[in-house]
Amino acid sequence: MRVRQRLLVTGVVQGVGFRPFVYATACELALTGEVSNDSDGVIIEVEGSEPAVREFAHRVAHDPPPLAVVESLRTEAIPPRGGTGFRIAGTSRRPGGRTLASPDVAICADCVRELKDPVNRRYRHPFITCTNCGPRFTIIRELPYDRAATTMAEFPMCAACSAEYRDPGDRRFHAQPIACPACGPTLEFTDGPNRLNGEAALQRARTLIAHGAIVAVKGLGGFHLACDARNEAAVARLRDRKRRRAKPFAVMVRDGTTAGEIAVVRSDALRMLQCSQSPIVLLPKNPAGRLARGVAPGIPDLGVMLAYTPLHHLLLGLPGDNVGPDVLVMTSGNLGGEPIAFRNEDALQRLAGIADAWLLHDRPILVPCDDSVVRIVDGAEMPIRRSRGYAPLPLALPVPIPATLAVGADVKNTCAVGEGRYVWLSQHVGDMDDIATLDAFTNTESHLQNLTGVRPEQVFADAHPGYRSTAWARRNAGTRPLRLVQHHHAHIAATMAEHGLGGEETVIGLAFDGTGYGTDGAVWGGEVLIGGYKDVQRFGHLKYVPLPGGDISVERPYRMALAHLFAAGLPWDADLPPVAACPAAERRILAHQLETGLGCAATSSMGRLFDAVAALSGVRQVVDYEAEAAIELEGLARGCPGTPQYRFSIAAGIADPAPLLQAVISDIRAGVPAGEIGARCHRAVADLALHWAEAARSASGLAVVVLTGGVFQNGLLLSLTRNALSARGFRALTHHRVPPNDGGIALGQLLVGAMQ
Ligand code: ZN
Ligand code: ZN
Ligand code: FE
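Heads up: these notes are all about the structure in this document. Because the structure is predicted, anything quoted here is derived from the model rather than measured.

For the rest of this paragraph, the subject is the overall build of the protein. Within the protein, the regular secondary structure consists of 23 helices and 29 strands. For the protein, the C-alpha radius of gyration of 27 Å lies close to 27 Å, the compact-globule estimate for 756 residues. Projected onto its principal axes, the C-alpha positions of the protein cover 90 × 60 × 50 Å. The buried share of the protein, reckoned over its 756 residues, is 61%. Contacts in the protein between residues far apart in sequence, at least 24 positions, make up 71% of those at least 6 positions apart. Counting every atom, the protein has about 27,400 Å² of accessible surface; 53% of that belongs to carbon and sulfur.

Let us now look at the coordination of the zinc ion (ligand 1). In a perfect tetrahedron of four donors around a metal, the angles come out at 109.5 degrees. In a perfect octahedron of six, they are 90 or 180 degrees. Within the protein, the zinc ion (ligand 1) binds to Cys108 (SG), Cys111 (SG), Cys130 (SG) and Cys133 (SG); these donor distances fall in the range 2.3 to 2.4 Å. The site at the zinc ion (ligand 1) holds four donor atoms, and with the angles between them running 103 to 121°, its shape is tetrahedral. Counting along the primary sequence, the residues that act as donors to the zinc ion (ligand 1) give the motif C-x2-C-x18-C-x2-C. Like cysteine 111, cysteine 108 is buried.

Glancing now at the sheet that holds strand 12 (residues 301-306). Spatially, 11 strands are ordered 7-6-14-8-9-13-10-12-11-15-16 in an open sheet, and the strand pairing comes out mixed. Every interior strand has two partners, whereas the edge strands, strand 7 (195-197) and strand 16 (380-385), have only one. Within the sheet, the average angular offset between the axes of one strand and its neighbour, ignoring direction, is 30°. Relative to strand 9 (residues 223-228), strand 8 (residues 215-218) runs antiparallel, the two sharing four bridges. What sits directly across from alanine 216, in strand 9, is leucine 225.

As a further point, take the environment of leucine 328. By the secondary structure assignment, leucine 328 is in strand 13 (residues 328-332). Given the relative accessible area of 1%, leucine 328 is considered buried. Taking the C-alpha atoms as reference, leucine 328 lies 6.1 Å from alanine 226; in sequence the two are 102 residues apart. Excluding residues within four positions of it along the chain, leucine 328 makes contact with Ile209, Cys227, Ala229, Ala250, Val251, Met252, Leu315 and Leu316.

The four strands lie next to each other as 18-17-19-20, forming an open sheet whose pairing is mixed. Here the strands that pair on one side only, and so sit at the sheet edges, are strand 18 (416-425) and strand 20 (482-485). Across the sheet, the axes of successive neighbouring strands diverge by a mean angle of 60°, strand direction being ignored. Pairing between strand 19 (residues 458-462) and strand 20: four bridges, direction parallel. Residue pairing in the sheet places alanine 461 in a bridge with leucine 484 of strand 20.

Turning our attention to the nonpolar core. Within the largest apolar cluster, 104 residues are counted, with the highest numbers of intra-cluster contacts made by Leu359, Phe512, Met606, Phe648 and Leu660. No other element matches helix 21 (residues 674-700), which puts 12 residues into this core. What methionine 606 contacts, discounting residues up to four positions off in sequence, is Phe512, Asp513, Gly525, Gly526, Leu542, Val685, Leu688 and Val711. Counting 46 residues, the second-largest nonpolar core is a separate cluster that includes Val3, Ala52, Phe86 and Ala461.

Coordination sphere of the iron ion (ligand 3), protein contribution only: His487 (NE2), His491 (NE2), Asp513 (OD) and Asp742 (OD), at 2.1 to 2.2 Å. Taken in sequence order, the residues that donate to the iron ion (ligand 3) follow the motif H-x3-H-x21-D-x228-D. Taken as a pair, histidine 491 in helix 13 (residues 487-498) and aspartate 513 in strand 21 (residues 507-517) lie far apart in primary sequence, 22 residues in all. Accessibility classification places histidine 491 together with aspartate 513 in one group, the buried group.

What follows deals with the pairing of strand 18. Taking burial as the measure, the 10 residues of strand 18 include seven buried ones, the bulk of the element. As defined by bridge partners, strand 17 (residues 394-406) adjoins strand 18 across seven bridges and the pair is classed as antiparallel. Counterpart to isoleucine 401 in the pairing with strand 18 is glycine 420.

Scanning all chains against the criterion turns up 48 salt bridges. The partner of lysine 534 in a salt bridge is glutamate 504, with the nearest N and O atoms 2.9 Å apart. Residue lysine 534 is located in the loop between strand 22 (523-531) and strand 23 (536-542), and its partner glutamate 504 is located in the loop between helix 13 and strand 21; the two are separated by 30 residues in the primary sequence. A relative accessible area of 37% places lysine 534 in the partly exposed class. For lysine 543, the salt bridge goes to aspartate 656, with nearest N and O atoms at 3.5 Å. Pair noted here: lysine 543 is in the loop between strand 23 and strand 24 (545-548) and aspartate 656 is in strand 27 (residues 654-656), with a separation of 113 residues, a long-range link. Note on lysine 543: relative accessible area 32%, which makes it partly exposed.

Conventions adopted
- Residues numbered from 1 in each chain as written.
- Chains lettered and ligands numbered in written order.
- Predicted model: local features only at pLDDT ≥ 70, side-chain atom pairs only at ≥ 80, totals over all residues.
- Heavy atoms only, no water.
- Helix = DSSP H or I, 4+ residues; strand = E, 2+ residues; numbered from the N terminus.
- Rg over C-alpha atoms; globule rule 2.2 N^0.38 Å.
- Buried < 20%, exposed > 50% of the residue type's maximum accessible area, 1.4 Å probe, protein only.
- Contact = heavy atoms within 4.5 Å.
- Areas by Shrake-Rupley, 256 points an atom, 1.4 Å probe, with all protein chains shown as cover.
- Donors = N, O, S within 2.8 Å, 3.2 Å for Na, K, Ca; no water.
- Tetrahedral: all angles 85-135°; square planar, octahedral: opposite > 155°, others 65-115°.
- Pairing = 2+ DSSP bridges.
- Axes fitted to C-alpha atoms, helices over the stretch in contact; angles between N-to-C directions.
- Core = buried A, V, L, I, M, F, W, Y, C linked by side-chain atoms within 4.5 Å.
- Salt bridge = Lys/Arg side-chain N within 4 Å of Asp/Glu carboxyl O.

This is the structure in C-alpha cells:
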C-alpha cells in the first residue's frame, strides 16, 4: 500500500548537505516527493511503500550527514498524491520560524584531492568547496540559507557549475557557495605600487614570504598576518610592527605529519587538528622543531592549526610547487587588542604599518570570526576560545528561558542570545577596551539576532560597575529589564549548564580567575561558592590583599609580589627578585599606598597570587599579556615533583598564603629551581581546592565540584585538582564546550539571570 508522509526536521540542517542527503536517500528507497528549506527547518514529503517510508524516517533521524544536527523530527501522514521522481523545491519563508546556521567548515579531503588534480577543472582553484565544506557562518546574511542570502550572490554560476548544482548525483548538488575558475572569486596581490591577479598573485605572495616578508592574507573569517615561522628576523619584525613582545603566535602547517615535526602530536591531538572545526590546538613544542624562537617565547606550548581553506593549501605549496616555508606564522590581522580586519579596504589601511603586501580576494566576508583555540587536558578537549568552526552552533540549555541577550564580560568577550532550550554564543569579540571592539560587539549582537530570530525581551550583564559591556547593556536595553549577574556565579552556572545540570541542582563551585567584581565591591578571584543557578553563598575565599593601582599591578607582577609580601608581614629584602625589579621611587609610593590603602582595592584573586609567586621565584617581573608570568611558571613546573608541597593556612574558609610565600622565599634562598617552586605551588593550590571541597561537603552534603575561571586554563593545575577530587569521591565538572575563561561568562549569565 502506498503512503505519503510529511516530515519537519529542525536543527542544523541547512548548509550541511541535508537536502542532497534527503534526495539520495529517497532515491535509494524509490520514494517520490519533495524537500524544501523553510525558516523552520527542512520540510520533506515522501511517498512510497509503507516500510520504505518508515526506513526513510529512521535514516533521517539516525544517520544524517556528518555536519547535520537533527534536533527534532515531526512526522504526519498525508493523503498519497502519486507522481514520479523526487524534487528539491524552492525555499519558502514563514515569519517567526527558526533554523540554525552552520559554522564554517574546513576544506574536505575530496576537495583537497581535486585541488591537487591537474585534470580537474578546479585544479588550484583557491575557492573550491562542496556540500561538505567551505564558508558558511561568515558569508550568510540571513536564513533560510540560499546562495542569494550569502556573499556569493554576486558570483553567478557558470553553466558547468550550475549543472553540478542541479545534478543529484554530484557532490556539489545544491551546495550554495560553489564556484570555479570561470565564475568564482579571484585572488589579488598588492604591495602598494604593484597589482597581480590569480595564480601570479599567489606566487608573488609565496615568494615574498619565502624571502622573509610579512603578508596579510584574507582567510575565512578575517585577515591573517603570515610569515615564515622558521625565519627569526621575519618573526621579530612581525612582533615589532604588531607591538606584541611575547604573546605567542599560532602557526599553520599543511598536515599532521608536519605538525608532528614541530610539536608533540598524540592521537587525540591529531583528531582535534583534523576535525572539521580545525581549531588552533595548543601542543607541547617538539624540541627538535627548529622554529624561530620568537614564535612562542618562554612557554613550552605551541598553537598549531592545519590549513583549513584551499588558499591555505596553495600558500603552503602543492606537490610540484617551488619549495616554500612549510610552517607559517598565522596571527590575527590586527594591531594590539583591536578587532580582526576582515574587509579589503580596512585591511589595506589598518595593516599598512605591519604587512609588506596583501593577498586579497573579492569574496566578501560578512562577519569576522577569529580562529578557535583548544587545549587537551587528560585526553579531553578544553576550549580556550570558541569561535570559527563552532559559532553559531547552538548549545542546549538545561532549562527553558525567555528570549534573552547576555552581553558577557569585558575580557575575551562573547555575547549570547537564548530562547527556549537553545543558546547561541557569538564568535570571539575580544577585549572591550576600545571603540572598535564596541562597534564589533554591536555588529555581532545584531547579526546573532538575524541568524537566530531571537528578539531578546531582557538583557543580562556583569555586575561590575565599570564594565563597558554592562554600560552597553544599559544604553541598549531600552525599556527591557536589565539584570546584573555576579561574575563568579556566572562562571559556575556556565559549567553547570554545559553539563546539563537542572534548575534545582546545587554544587560546590570553585571559581579561580584573575578579576571579577564581588558582591562586597572587592576584586574576587579565589572563590568557593555553594549553590546553583538561583543563588550562591560564599563559603570561602583567598585572604584579601591590597591590589595597588589596578591594571598596573596586572602588567607588573613584581607589584603583586610586593603587595603579597606586605599582606603576609614579610620584609621586602633586597635579594628578592621582585624587590630588585621595582625601582626605588615606585617602591616608596607602593609602600605608602599599601600602608594607607590609598588607591588600593582588596582582592582575593588566585590569578594575582600566581603572578606574585612567578615574580618571587624570578620567572617574570613585567608581562606583555595577562597571565604570561603564570603560564611560564606552569611550563617550568611541568614534570617537576613538587615535594614537599607548600601549604596555606586556612581558618573559617579563608585561605592565607603567608606560609606558602615564606616557604617560597626560603626555597629561593636555598637555590631551589623556579620550576620546582612552581610545582610545589601548583600542588598547594590543588590541595587547597581539595580542602575547600571537603569542608564544603561537610557543611552542605554536596559532592559535585565545579572547576571554572581563567586560572583553570592551567592544564597542570586542572589535572592535579581534578585527580585529587576524584580520589576523594567527588564528581569534578570542568569545561568542554565553552571556555573556563570569560569567553564562557555569557552562558552563565543567561541561566543565573533567567532563574532569579
Ligand atoms: Zn569539499
Ligand atoms: Zn563555475
Ligand atoms: Fe572571570
